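Letter by letter, the chains look like this.
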Amino acid sequence: MGQNWAIYNIDRREFYSGSSAKLGEWFFDNQYALMQALRVKAPMSFSRHIKERLNTGRRATQTSKFLKLPNEILSMVLIELKHDKALLYFAATCKALHSLSEPVFFHFYEQFYPSWHDCRVVCLGDSMDQDDTLPPGVLTESELEWVASERDALGSCYGVFRQYYEDYSERRRPFRESCLRGLGWSYSAYYLSPAYQADYAMLSMLCEEVPRRLSSEENYEVLCNISKREYIRDRNLTVPEKVTLAHALITMICWSPYADYALNYELEATENMNQGRWVGDKFRIVPEEAFVDSELNNGDWTDVTAEVDTVLQDLCKQEPWHFK
């Protein structure tokens, strides 16, 4: 049957739900969320769907005395909105207030989707039994004691993490249900009157929306291993564009006693991917320009792009159907 693999953030006790199956079943998926979690020093923006809704049609002339106040006064009101629901309803009132709320929204979303940069990350296979442990130094003494205390019931590190770690992508689900049901609305706008359907659509999008940490369209990015002071430049990867720094990271953080990936490969370097030498290290993705200015000039950094590119080339060569 093969083993399942899942990506875990040890420091935040979270797991990435884009994984949690055989590695070959999800490795070539769009690992956008993982890229987002690791990016730093990048601006944020709403998705195309939100922008289209805000930019199409006309802005209605508002007759409310409140909306005739200067933006400076409205911003002062906005800052005083301490409750998440209040901010959501304020932003959904009209396009003008949504635009005014956008900067505050980004801070609000960061609370639900905090960055994974500079956290210990590992991709574990579920074939680890009670005698299998992570490499020395990955877990602290207190974490080792905690895992040991739970192993009798849950069987392995994988089982303990799976039981107690939070799904990174599920953080906002309770909030969405609370907001929409708080208005007496179900999950569907089917039974709502036309007057409420537009409000429902906007609230629903805002509840589910995840603002993007945008990478620069003109600049490349660098995946930095903060623990080992090694890096990968995406500009030097020779694989299809669909394969990103997130895929490069996964090839370096897998850990299991068995080389069972449900992936086709030919090279010995790929076969040994289950003993990744970046397991449990800390990472961040930064714009290349920022990396060169702040880190590379300090020396002691090693470029391992060619090493990782060899493994990625092997995987892409053996499974070309992902790029048709």
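Bear in mind the structure is a predicted one, so any value in this text is a computation, not a measurement. The numbers attached to residues start from 1 for each chain and follow its sequence in the written order. Selection of residues for local features in this predicted model requires a pLDDT of at least 70, selection of side-chain atom pairs for listing and counting requires 80 or more, and totals for whole chains, interfaces and linings are taken over all residues. Excluded from the side-chain calculation are hydrogens and water; included are all heavy atoms of the structure.

Overview of the overall build of the protein chain
1) Next: Strands here are runs of E lasting at least two residues and helices are runs of H or I lasting at least four, both read from the DSSP assignment and numbered beginning at the N terminus. If you tally the helices and strands in the protein chain, you get 14 helices and eleven strands.
2) Next: Sorting the 324 residues of the protein chain into buried and exposed places 45% on the buried side.
3) Next: Whether two residues are in contact is decided by their heavy atoms: any pair within 4.5 Å suffices. Relative to all contacts within the protein chain whose residues are 6 or more apart in sequence, the contacts with residues 24 or more apart total 75%.
4) Next: When the accessible area of the protein chain is evaluated, it comes to approximately 16600 Å², of which 50% is carbon and sulfur surface. Only protein chains enter the calculation, and the probe is 1.4 Å; a residue is then buried if its accessible area is under 20% of its type maximum, exposed if over 50%, and partly exposed in between. Accessible areas in this description were obtained via Shrake-Rupley with a 1.4 Å probe; residue shielding takes into account the shown protein chains only.

As for the pattern of salt bridges
1) Next: Just to be clear on terms, a salt bridge is a Lys or Arg side-chain nitrogen sitting within 4 Å of an Asp or Glu carboxyl oxygen. If you walk through the whole model with that rule in mind, you get eleven salt bridges.
2) Next: Arg120 is paired through a salt bridge with Glu143; the nearest N and O atoms lie 2.7 Å apart. Taken as a pair, Arg120 in the loop between helix H6 (95-112) and strand E4 (121-125) and Glu143 in helix H7 (residues 141-154) lie far apart in primary sequence, 23 residues in all.
3) Next: For Arg120, a relative accessible area of 10% gives the class buried.
4) Next: Judged by its relative accessible area of 13%, Glu143 is buried.
5) Next: Between Glu230 and Arg277 there is a salt bridge, with the nearest N and O atoms lying 2.9 Å from each other. Of the two residues, Glu230 sits in strand E8 (residues 230-233) while Arg277 sits in the loop between helix H12 (268-271) and strand E10 (283-287), which places them 47 residues apart along the sequence.
6) Next: Bridged by salt links that share partners, the residues Asp11, Arg120 and Glu143 form one connected network.

Digging into the packing of H7 against helix H8 (residues 157-164)
1) Next: It is at 8 Å that the axes of H7 and H8 come closest, and there the two elements cross at 95°. Here H7 is positioned roughly perpendicular relative to H8, judged by the angle of their axes. In this structure, H7 uses Trp146, Val147, Glu150, Arg151 and Leu154 to contact H8, whose residues at the interface are Cys157, Gly159, Val160, Phe161, Gln163 and Tyr164.
2) Next: Counted by class, the contact of H7 with H8 contains seven nonpolar, two polar and two charged residues. An axis is simply a line fitted to the C-alpha atoms; with a helix, the fit covers only the stretch in contact. Between two such axes, the angle follows the N-to-C directions and lies from 0 to 180 degrees. Any angle between 65 and 115 degrees counts as roughly perpendicular, while under 35 counts as roughly parallel, over 145 as roughly antiparallel, and the rest as oblique. Under the scheme applied here, ten amino acids are nonpolar (Ala, Val, Leu, Ile, Met, Phe, Trp, Tyr, Cys and Pro), four are charged (Asp, Glu, Lys and Arg), and all others, including Gly, are polar.

Some points on the nonpolar core
Nonpolar side chains in soluble globular proteins tend to end up buried together.
1) Next: Residues enter a nonpolar core if they are buried and are Ala, Val, Leu, Ile, Met, Phe, Trp, Tyr or Cys, with the set joined through side-chain atoms within 4.5 Å. Judged by nonpolar contacts, the single largest core of 41 residues is most densely connected at Ile7, Leu23, Leu34, Trp116, Ile232 and Trp278.
2) Next: Mapped onto this core, the elements with two or more residues apiece are strand E1 (5-9), strand E2 (14-21), helix H1 (23-26), helix H2 (32-38), E4, helix H11 (245-253), E10 and helix H14 (305-318).
3) Next: Of the residues forming this core, the biggest block, seven residues, is contributed by H11.
4) Next: Here Leu23 is in contact with Trp5, Cys123, Ile250, Cys254, Tyr261, Leu263 and Met273, once residues within four sequence places are set aside.
5) Next: In terms of nonpolar packing, the next biggest core, distinct from the first, is built from 19 residues, Ala6, Tyr8, Met128 and Val160 among them.

Some words on the sheet that holds strand E11 (residues 302-303)
1) Next: Whether two strands pair comes down to DSSP finding at least two bridges between them. Across the sheet, four strands lie side by side as E10-E7-E8-E11; this open sheet has mixed pairing. Of all the strands in the sheet, the pair left with one neighbour each is E10 and E11.
2) Next: Across five bridges, strand E7 (residues 221-225) lies against E10 in antiparallel orientation. Looking at E10, one finds that Asn225 is bridged to Phe283.
3) Next: Set on the sheet, H11 makes contact with E7, E8 and E10; between it and E7 the angle comes to about 20°.

Observations concerning the packing of aromatic side chains
1) Next: Within 6.5 Å between ring centres, the rings of Phe, Tyr and Trp (the latter by its six-membered ring) count as paired, and their orientation is classed by plane angle as stacked under 30 degrees, edge-to-face over 60, tilted in between. Applying the stated rule across the entire model yields 13 aromatic pairs.
2) Next: Considering the side-chain rings of Tyr8 and Tyr165, the 5.8 Å spacing of their centres and the 75° angle between planes classify their relative orientation as edge-to-face. In this pair, Tyr8 sits in strand E1 while Tyr165 sits in the loop between H8 and strand E5 (166-167), placing the two residues 157 residues apart along the sequence. Residues Tyr8 and Tyr165 agree in their burial class; the two are buried.
3) Next: Aromatic side chains Phe27 and Phe28 sit 5.0 Å apart centroid to centroid with 90° between the ring planes, which places their arrangement in the edge-to-face category. The exposure classification of Phe27 matches that of Phe28, with both residues buried.
4) Next: Note that Arg13 overlies the ring of Trp146, its terminal NZ or CZ placed 4.0 Å from the centroid. Two conditions define a charge sitting above a ring: the NZ of Lys or the CZ of Arg must be within 6 Å of the ring centre, and it must be within 35 degrees of the ring normal.

A word on unusual backbone geometry
1) Next: One non-glycine residue, Arg229, lies in the positive phi region at around 55°.
2) Next: Note that Arg229 resides in the loop between E7 and E8.

As for a nonpolar patch on the surface
1) Next: Note that patches include only residues with greater than 30% relative accessible area and no salt bridge, and the join distances are 9 Å for like charges and 5 Å for nonpolar side chains (Val, Leu, Ile, Met, Phe, Trp, Tyr). On the surface, Phe66, Leu69, Ile73, Met76 and Val77 cluster together to form a nonpolar patch covering roughly 390 Å² of accessible area.
2) Next: Judged by relative accessible area, Phe66 falls into the partly exposed class, the value being 31%.

With respect to the side chain of Arg39
1) Next: On the secondary structure map, Arg39 appears in the loop between H2 and strand E3 (44-45).
2) Next: Given the relative accessible area of 8%, Arg39 is considered buried.
3) Next: For the purposes of these results, a polar contact is taken to be a pair of N or O atoms within 3.5 Å, where, inside protein, one atom must be able to donate a hydrogen and its partner to accept one; residues adjacent in sequence count only when each atom of the pair is a side-chain atom. Among the polar contacts listed, one links the side chain of Arg39 to the side chain of Glu221, at a separation of 2.7 Å.

Topic: the confidence of the model for the protein chain
1) Next: Each residue carries a pLDDT score, the predictor's confidence in it, ranging from 0 to 100. Confidence in the prediction for the protein chain averages 79 pLDDT; 70% of positions are at 70 or higher.
2) Next: Across the protein chain, the secondary-structure element scoring lowest on mean pLDDT is strand E6 (residues 212-213), at 48, and the one scoring highest is H11, at 96.

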